[in-house]
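Here is what each chain is made of, one letter per residue.
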Amino acid sequence: MGGPSDVRGFQIGGIGPRTDNEALGGEVYMKGGLHIRSQPFFFQEERNASMFYRFHAFLNFGNLANFQGTRAQTFTSLLQRNMRSSVGFGVLVNVTPSVFLEINLTHALRTFDRDRTNAFQVALNARF
């Protein structure tokens, strides 16, 4: 879990159980976010340019873990208590009508010892 298309501010596989340098994955995860998009104020006269670029700001959170025989209620509180979070902003560039490039600056707000973060992320995403 983690990455520019998942929980921004963390590397791909940067959240969750680890052994040595390897991400182990998990049996259950929780993630979410708040995302605000806006047209660039300096392209308002040029409609084509404002359709091509968008600014965005976000708050992302998530966690990944294993059951290890815990009860569902205990497990839910464990996921919430160990939640990672990040904030940031960036630019969305439409490459085609269904594909966009995302360039972000991020700051991880809550991390744990073995988490791996990224302050700068680039991703190519598709809309379906």
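Residues numbered from 1 in each chain as written. Predicted model: local features only at pLDDT ≥ 70, side-chain atom pairs only at ≥ 80, totals over all residues. Heavy atoms only, no water.

Draft legend 1. Structural view of the pattern of salt bridges. Under the counting rule described, the total for this entry stands at three salt bridges. The salt bridge partner of Glu102 is Arg8, with a shortest N-O separation of 2.6 Å. With Glu102 in strand E6 (residues 99–110) and Arg8 in the segment before strand E1 (18–19), this residue pair connects regions lying 94 residues apart in the sequence. Like Arg8, Glu102 is buried. (Salt bridge = Lys/Arg side-chain N within 4 Å of Asp/Glu carboxyl O. Helix = DSSP H or I, 4+ residues; strand = E, 2+ residues; numbered from the N terminus. Buried < 20%, exposed > 50% of the residue type's maximum accessible area, 1.4 Å probe, protein only.)

Draft legend 2. Structural context of the sheet that holds strand E7 (residues 120–126). Read across the sheet, five strands follow the order E3-E4-E5-E6-E7 without closing on themselves; strand pairing throughout is antiparallel. At either end of the open sheet lies a strand with only one pairing partner, and these are strand E3 (28–38) and E7. For this sheet, the mean angle separating the axes of adjacent strands, direction not counted, is 25°. (Pairing = 2+ DSSP bridges. Axes fitted to C-alpha atoms, helices over the stretch in contact; angles between N-to-C directions.)

Draft legend 3. Examining the side chain of Glu102 more closely. Given a relative accessible area of 2%, Glu102 falls into the buried group. Here the side chain of Glu102 touches Arg8 through a polar contact of 2.6 Å, side chain to side chain. Setting aside residues up to four positions removed in sequence, Glu102 forms contacts with Pro4, Arg8, His56, Val91, Leu92, Gln121, Val122, Ala123 and Asn125. (Polar contact = N/O pair within 3.5 Å; in protein donor to acceptor, adjacent residues only side chain to side chain. Contact = heavy atoms within 4.5 Å.)

Draft legend 4. Here's a closer look at the packing of aromatic side chains. As enumerated under the stated definition, the model contains one aromatic pair in all. With a centroid separation of 4.8 Å and 85° between ring planes, the pair formed by Phe52 and Tyr53 is classed as edge-to-face. Since its relative accessible area comes to 35%, Phe52 is described here as partly exposed. We classify Tyr53 as partly exposed; its relative accessible area is 32%. (Phe/Tyr/Trp six-rings, centres within 6.5 Å; stacked < 30°, edge-to-face > 60°.)

Draft legend 5. Examining the pairing of strand E5 (residues 84–96) more closely. Bridging between strand E4 (residues 53–65) and E5 involves ten bridges; their strand directions are antiparallel. Within E5, the position partnered with Leu59 by the bridge is Val87. Here E5 runs beside E6; their pairing, made up of eleven bridges, is antiparallel. The residue bridging Ser86 from the neighbouring strand is Ala108, located in E6. Taking the residues between adjacent antiparallel strands as the criterion, E5 and E6 are bridged by two residues.

Any functional reading would require information that these geometric values do not contain.
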